[in-house]
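Inside the fold
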Amino acid sequence: MSESRDPLGDLDSIAFLLERGHAPTHRVKAFRNAAAVLADLPEGELAARVAAGTLKELKGIGDTTATVVEESLAGTVPGYLRKLAAESPASVAPGGEAIRAALKGDLHTHSDWSDGGSPIEEMARTAADVIGHEYLVLTDHSPRLTVANGLSRDRLLRQLDVVAEINERLAPFRLLTGIEVDILDDGSLDQDADLLARLDVVVASVHSKLKMDADSMTRRMVNAVANPHVDVLGHCTGRIVKRDPDGKRGGRGGRPESQFDAELVFAACARFDVAVEINSRPERLDPPKRLIAMAVEAGCRFSIDSDAHAPGQLDWQPHGCVRATEMGLSPDQIVNTWDLDTLLEWTRRRS
């Protein structure tokens, strides 16, 4: 008889692959919830229920999740896991291997404190144990982005305490404090300056009035980049590249790029030493290649980030690595190839 596998690990692996493949949230939750239910069972009850055929009597365990558990306990790689692994794109897409190998962290991620789907510690443990990062920056949204449950000053202060507790458990891995702060209409930032100064990394992004005229948008972005607390300019055009059901680009429902003077904005990024984010979300891939080329010409630094809202999405960075490679970037131009001390020395350079 084959040796038993880890059913909870197999359920989590399936959820990870579904997230990486941008599957609907309800499909992912079915497997993560099932793993949570089984984790709470007394020792020996899982095997007893499988033997008695009563596994599906547990709330949250359905036909598919029960089959995964039964196959795993029997020592067989679950068929659904094998199917997803065969269909899933390679973790490191061809062309971006060298830059992906050089990345030591991710500067733009979200948790269930704002619009992410998973707890902070789950995101951090996945970054450390599965992705292999040395650090991860938690950048939940700022308060005016109410649709994303943005963090008020008080909530962000509470989150800093939570991050400190998690770091005690996960050392030497480091979860860094951060925020994706909204760039307001006039270029000011949607959080108090004294609190921004306490954070390890500040990503500043435009999320509203994306159709603002080019001159106003340019002033707005340059004012934000000039702010001494900003470290990274997030998904600068705000575009959404909608994908059709087969995963190809060009489907309906996308969002066009915001219009601004890219030469002036990237010159400001270079002048104030703010990194231009290469956002790796498959529906963003922002900025477009022509703008990456302009940022390179301006002498900008870059950050390749997942913008992950779930653990499996942390493995989206290879999309950005391929684009960086195609545009001729080297690891030394990318700030999250740096070790932790060098990164923090850079983010504290002005604030």
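Report follows, based on the coordinates. (Residues numbered from 1 in each chain as written. Predicted model: local features only at pLDDT ≥ 70, side-chain atom pairs only at ≥ 80, totals over all residues. Heavy atoms only, no water.)

Scanning the entire structure with this criterion turns up two aromatic pairs. Ring geometry for Phe31 and Tyr80: centres 5.5 Å apart, planes at 20°, overall stacked. Within this pair, whereas Phe31 is found in helix α2 (residues 25-39), its partner Tyr80 is found in helix α5 (residues 79-87), the two being separated by 49 residues in sequence. Residue Phe31 is classed as buried on the basis of its relative accessible area, which comes to 5%. Ring centres of Trp338 and Trp346 lie 5.7 Å apart, and the angle between their planes is 85°; this geometry places the pair in the edge-to-face category. The same class applies to Trp338 as to Trp346, namely buried. Between the NZ or CZ atom of Arg271 and the centre of the ring of Phe272, over which it lies, the distance is 5.0 Å. The ring centre of Trp346 lies 4.5 Å from the NZ or CZ of Arg349, which sits over that ring. (Phe/Tyr/Trp six-rings, centres within 6.5 Å; stacked < 30°, edge-to-face > 60°. Helix = DSSP H or I, 4+ residues; strand = E, 2+ residues; numbered from the N terminus. Buried < 20%, exposed > 50% of the residue type's maximum accessible area, 1.4 Å probe, protein only. Lys NZ or Arg CZ within 6 Å of the ring centre and 35° of its normal.)

Considering only enclosed or pocket space, the second largest pocket measures out at about 350 Å³ in volume. For the second largest pocket, the lining is made up of 18 residues, of which Glu19, Thr25, Gly117, His309 and Ala310 are closest to its centre. Of the residues forming the lining of the second largest pocket, the biggest block, six residues, is contributed by α2. Counted by class, the lining of the second largest pocket contains four nonpolar, eight polar and six charged residues. (1 Å grid on protein atoms, 1.4 Å probe; cavity = no way out; pocket = protein on both sides within 12 Å on 5 of 7 lines; lining within 4 Å. Points joined across faces, edges and corners; volume = space filled by probe spheres on them. Nonpolar A, V, L, I, M, F, W, Y, C, P; charged D, E, K, R; others polar.)

Moving on to the pairing of strand β1 (residues 105-109). Of all the five residues making up β1, five are buried; the element is thus mostly covered by neighbouring parts of the structure. Here β1 runs beside strand β2 (residues 135-138); their pairing, made up of three bridges, is parallel. Residue pairing in the sheet places Gly105 in a bridge with Tyr135 of β2. (Pairing = 2+ DSSP bridges.)

This brings us to the side chain of Asn167. Positionally, Asn167 belongs in helix α8 (residues 153-170). Discounting chain neighbours no more than four positions away, the residues touching Asn167 are Phe173, Arg174 and Leu175. (Contact = heavy atoms within 4.5 Å.)

The next subject is the nonpolar core. Nonpolar side chains tend toward joint burial in soluble globular proteins. Leu189, Met221, Leu233, Phe260, Phe266, Phe302 and Ile304 are the most contacted members of the largest nonpolar core, which totals 43 residues. Among the elements that line this core, the one with the most residues is helix α11 (residues 262-271), at five residues. For Phe302, the residues in contact, after removing those within four places along its chain, are Ala275, Val276, Ile278, Ile292, Ala295, Val296, Leu329, Gln333, Ile334, Val335 and Asn336. (Core = buried A, V, L, I, M, F, W, Y, C linked by side-chain atoms within 4.5 Å.)

Tracing the sequence through the fold places Val296 in helix α12 (residues 289-298). In this structure Val296 comes out as partly exposed when scored by relative accessible area, which is 30%. Separated by 258 residues in the primary sequence, Val296 and Leu38 place their C-alpha atoms 50 Å from one another. When residues no more than four places from it in sequence are discounted, the contact partners of Val296 are Phe302, Leu329 and Gln333.

Read across the open sheet, the seven strands follow the order β1-β2-β3-β4-β5-β6-β7; overall the sheet is parallel. Of all strands in the sheet, those with a lone pairing partner are β1 and β7 (302-305), marking the two edges. Of the pairings in the sheet, the one linking strand β4 (residues 201-205) to strand β5 (residues 232-233) comprises two bridges and is parallel in character. Paired with Val203 across the two strands is Val232, which belongs to β5.

An ideal rise of 1.5 Å per residue puts 26 Å on 18 residues; α8 measures up with 26 Å between its terminal C-alpha atoms. Of the residues making up α8, those classed as buried are Arg155, Leu156, Gln159, Leu160, Val163, Ile166, Asn167 and Leu170. Down the axis of α8, the smallest arc covering the buried residues is 150°, so these residues share one side. Those residues of α8 that are exposed and aimed more than 90 degrees away from the buried face are Asp154 and Glu168. Looking at the buried side of α8, the elements it contacts are α7 (120-131), β2, β3 (174-182) and α9 (193-196). (Expected span 1.5 Å × (residues − 1). Arc of directions from axis to C-beta.)

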